[in-house]
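Read off the chains here:
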Amino acid sequence: MKIVDATWEKRNLGVLAKEVTLDIGDTVSDLEQLNRLNSEYTVIRVPAGSVELMFKLEDMGYRFIETIINIQHNHKDIGSTLDRITKRIADSITYFEMNETELSELWQELRGGIFYTDRISLDPAFSVDKAAERYIGWMSDLLSQGGKVLGCIFKDDIFGYFTSKIDAGNVNRVDNIGIYKNYENAGLGVALVNASIRYAQNEGAKMTVSSISSNNMPALKANLAAGYSVTSAQYIYIRHTSGED
């Protein structure tokens, strides 16, 4: 069991938060540690199939909110899984590193509600507006840590973006990717994912990893269509308390 003091969520969501990742070897008795957490909002990541842990968490007042599906692309035969029309679109898309003005425009897009299926947006204790501020805080932290936010252009217009951070092992991670509201039904999702993979390969990364919520099936389908494969999954449980439990 790994317990992290999620200090960034105080800024993003206004609550004291803890993030807990359970391991395959953890037992029901190990969960007693959770009763000693000083947390107003606790997020538990459970290995898929750990039924005993899941049932115990429910007994303790935790609620299931999503499954996180971890995916990976090995940068082989990029674009080979695309149909003819999608490949033509993908080949015409360009990307660029966003400057401060373009990031400000992206923050406005986020505040316009382009994400509404994540666990923060769906949680009655929070809101779509809170989720937007959380994404902005998340990407601001990423930029301060050496990551990048890149805009994507199709037919001379910015229609979406993706993030990138390549680690010391040359593994690229895409933590966030999205399409602007005016283009969400334009059929550009697969091409956007393809652009993020092409960028990582051009930067020398040997593979790209990411994760998708089970609450966002269109995003999962787009990533699989772009050539990603599923590597693992985690069940996500949450609990809201007064912070004194």
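Look up: the structure comes first, before these words.
A quick note: this is a predicted structure, and the numbers were derived from the prediction, not measured. (Residues numbered from 1 in each chain as written. Predicted model: local features only at pLDDT ≥ 70, side-chain atom pairs only at ≥ 80, totals over all residues. Heavy atoms only, no water.)

Some thoughts on the environment of E9
Argument step 1. Note that E9 resides in helix α1 (residues 8–13).
Argument step 2. Assessed through its relative accessible area of 1%, E9 is described here as buried.
Argument step 3. With 112 residues separating them along the chain, E9 and S121 place their C-alpha atoms 14 Å apart.
Argument step 4. Each residue touching E9, except ones within four places of it in the same chain, is listed here: G14, V15, A17, E19 and R134. (Helix = DSSP H or I, 4+ residues; strand = E, 2+ residues; numbered from the N terminus. Buried < 20%, exposed > 50% of the residue type's maximum accessible area, 1.4 Å probe, protein only. Contact = heavy atoms within 4.5 Å.)

Points about unusual backbone geometry
Argument step 1. Despite not being glycine, D77 shows a phi value in the positive range, around 55°.
Argument step 2. In this model, D156 sits at a positive phi of 70°, which is unusual for a non-glycine residue.
Argument step 3. Along the chain, the position of D156 falls in the loop between β6 (148–154) and β7 (157–166).
Argument step 4. Since its relative accessible area comes to 74%, D156 is described here as exposed.

Let's talk about the packing of aromatic side chains
Note on aromatic pairs: each is described by the distance of the centres and the angle between the planes.
Argument step 1. Enumeration over the complete set of coordinates arrives at 9 aromatic pairs.
Argument step 2. Note on F115 and Y135: the rings are 4.6 Å apart at their centroids and 40° apart in plane angle, and the pair reads as tilted. Residue F115 is located in the loop between α4 (100–111) and α5 (119–122), and its partner Y135 is located in helix α6 (residues 128–144); the two are separated by 20 residues in the primary sequence. Here F115 and Y135 have matching classes, each one buried.
Argument step 3. For the pair Y135 and W138, a centre-to-centre distance of 5.9 Å together with 10° between the ring planes defines the contact as stacked. Here the residue Y135 and the residue W138 both occupy positions in helix α6, the gap between them amounting to 3 residues, near one helical turn.
Argument step 4. Members of the aromatic cluster, connected to one another through ring pairs, are F64, Y235 and Y237. (Phe/Tyr/Trp six-rings, centres within 6.5 Å; stacked < 30°, edge-to-face > 60°.)

Description of α6
Argument step 1. An ideal rise of 1.5 Å per residue puts 24 Å on 17 residues; α6 measures up with 25 Å between its terminal C-alpha atoms.
Argument step 2. Within α6 the residues assigned to the buried category are A131, A132, R134, Y135, I136, G137, M139 and L142.
Argument step 3. Against the buried residues of α6 lie α1, β2 (17–21), α4, α5, β6 and β7.
Argument step 4. Just beyond α6, the residue with positive phi is G146, at close to 95°. (Expected span 1.5 Å × (residues − 1).)

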